[in-house]
Amino acid sequence: MNDPTDSPAASGLTHFDAQGQAHMVDVGAKAETRRVARASGSIRMQPATLAAIAAGSAKKGDVLGIARIAAIQAAKRTSELVPLCHPLPLTHVQVEFTLDAAASAVHCTVQAETLGRTGVEMEALTAVQVGLLTVYDMVKAIDRGMVIDTIRVLEKHGGKSGSWTAP
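The structure displayed is predicted, hence computed values, not measured ones.

How each quantity is defined
Residues numbered from 1 in each chain as written. Predicted model: local features only at pLDDT ≥ 70, side-chain atom pairs only at ≥ 80, totals over all residues. Heavy atoms only, no water. Helix = DSSP H or I, 4+ residues; strand = E, 2+ residues; numbered from the N terminus. Buried < 20%, exposed > 50% of the residue type's maximum accessible area, 1.4 Å probe, protein only. Contact = heavy atoms within 4.5 Å. Areas by Shrake-Rupley, 256 points an atom, 1.4 Å probe, with all protein chains shown as cover. Polar contact = N/O pair within 3.5 Å; in protein donor to acceptor, adjacent residues only side chain to side chain. Salt bridge = Lys/Arg side-chain N within 4 Å of Asp/Glu carboxyl O.

A.B. asks: How do you make sense of the overall build of the chain when you look at a structure like this?
C.D. replies: Across its full length, the chain holds four helices and five strands. Listing the helices and strands of the chain from first to last along the sequence gives β-α-α-α-β-β-α-β-β. Scored against the burial criterion, the 167 residues of the chain give a buried share of 38%. Counting contacts in the chain only where the partners sit at least 6 residues apart, residues at least 24 apart contribute 69% of the total. Of the accessible surface of the chain, which amounts to about 9,300 Å², a share of 56% is contributed by carbon and sulfur atoms.

Structure below.
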């Protein structure tokens, strides 16, 4: 990395300085705007596991209710888990779970919102992950082979870069 144009900062990776050292991005000069991000993911399982979730018969209780609270809690604590993530004053977190019998899966979609200087993609992604991990934890006694996948940002709005929607 002797050539400054080869540095992570020069390539647009904002969490690195000109010397390639990790740092927290300075957002102090950025304008506060309404920021919204939506993320989603799924957990695939055996049909009997999905049926237990749908019937509310899992031994640990209301699987999706507990997972919803866990997802909201995760969104609020993202900066404690992701080292260079700014703590954000979230104004809204909405968590939706959908049961998909055809795919034998539970889909989770989270929308996170703030009025701030940086986006909320990490909060939405963290909430999806923890929501799905909680589903796994609640029914792992029935099905240890569940697979969590397709975690991704669906869209983001706000800030200097404007809006982005996944293709």
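A.B. asks: It is not clear to me how the environment of Val106 should be interpreted in this structure. Could you clarify?
C.D. replies: Residue placement: Val106 occurs in strand E3 (residues 105-116). A relative accessible area of 0% means that Val106 is categorised as buried. In this structure, the C-alpha to C-alpha distance between Val106 and Ser42, residues 64 residues apart in sequence, is 5.6 Å. Residue contacts for Val106: discarding those within four places in its chain leaves Gly41, Ser42, Ile43, Met45, Leu50, Ile53, Leu64, Phe97, Thr98, Leu99 and Leu132.

A.B. asks: Would you take a moment to explain unusual backbone geometry for this structure?
C.D. replies: Glycine aside, residues mostly have negative phi, and peptide bonds are mostly found in the trans state. Of note in the backbone geometry, Ser104 takes a positive phi value of approximately 50° without being a glycine. Looking at the element boundaries, Ser104 is found in the loop between strand E2 (90-100) and E3. Owing to a relative accessible area of 9%, Ser104 belongs among the buried residues under this scheme. The backbone phi angle of Thr150 is positive, close to 50°, even though this residue is not glycine.

A.B. asks: Looking at this model, I keep getting lost on the side chain of Thr114. Mind explaining?
C.D. replies: Looking at the element boundaries, Thr114 is found in strand E3. Looking at Thr114, the relative accessible area reads 2%, which means it is buried. Within polar-contact distance, the side chain of Thr114 engages the backbone oxygen of Pro89 at 2.7 Å. Excluding its chain neighbours within four sequence positions, the residues that come into contact with Thr114 are Thr33, Arg34, Arg35, Leu88, Pro89, Leu90, Thr91 and Val120.

A.B. asks: Looking at this structure, I do not really get the pattern of salt bridges. What am I missing?
C.D. replies: Proximity of charged atoms lets side chains of opposite charge pair with each other. Considering all chains together, one arrives at seven salt bridges under this definition. Salt-bridge contacts for Glu32 lead to Arg117; the nearest nitrogen and oxygen are separated by 3.7 Å. Taken together, the residues span a long stretch of sequence, with Glu32 in the segment before strand E1 (33-44) and Arg117 in the loop between E3 and helix H4 (121-139) at a distance of 85 residues. Put simply, Asp149 and Arg44 hold a salt bridge, and the shortest N to O gap is 2.9 Å. Separated by 105 residues along the polypeptide, Asp149 in strand E4 (residues 147-157) and Arg44 in strand E1 bring together distant segments of the chain. Accessibility expressed as a relative area gives 23% for Asp149, which makes it partly exposed. Among the ionic contacts, a cluster of salt bridges with common partners joins Lys60, Asp137 and Lys140.

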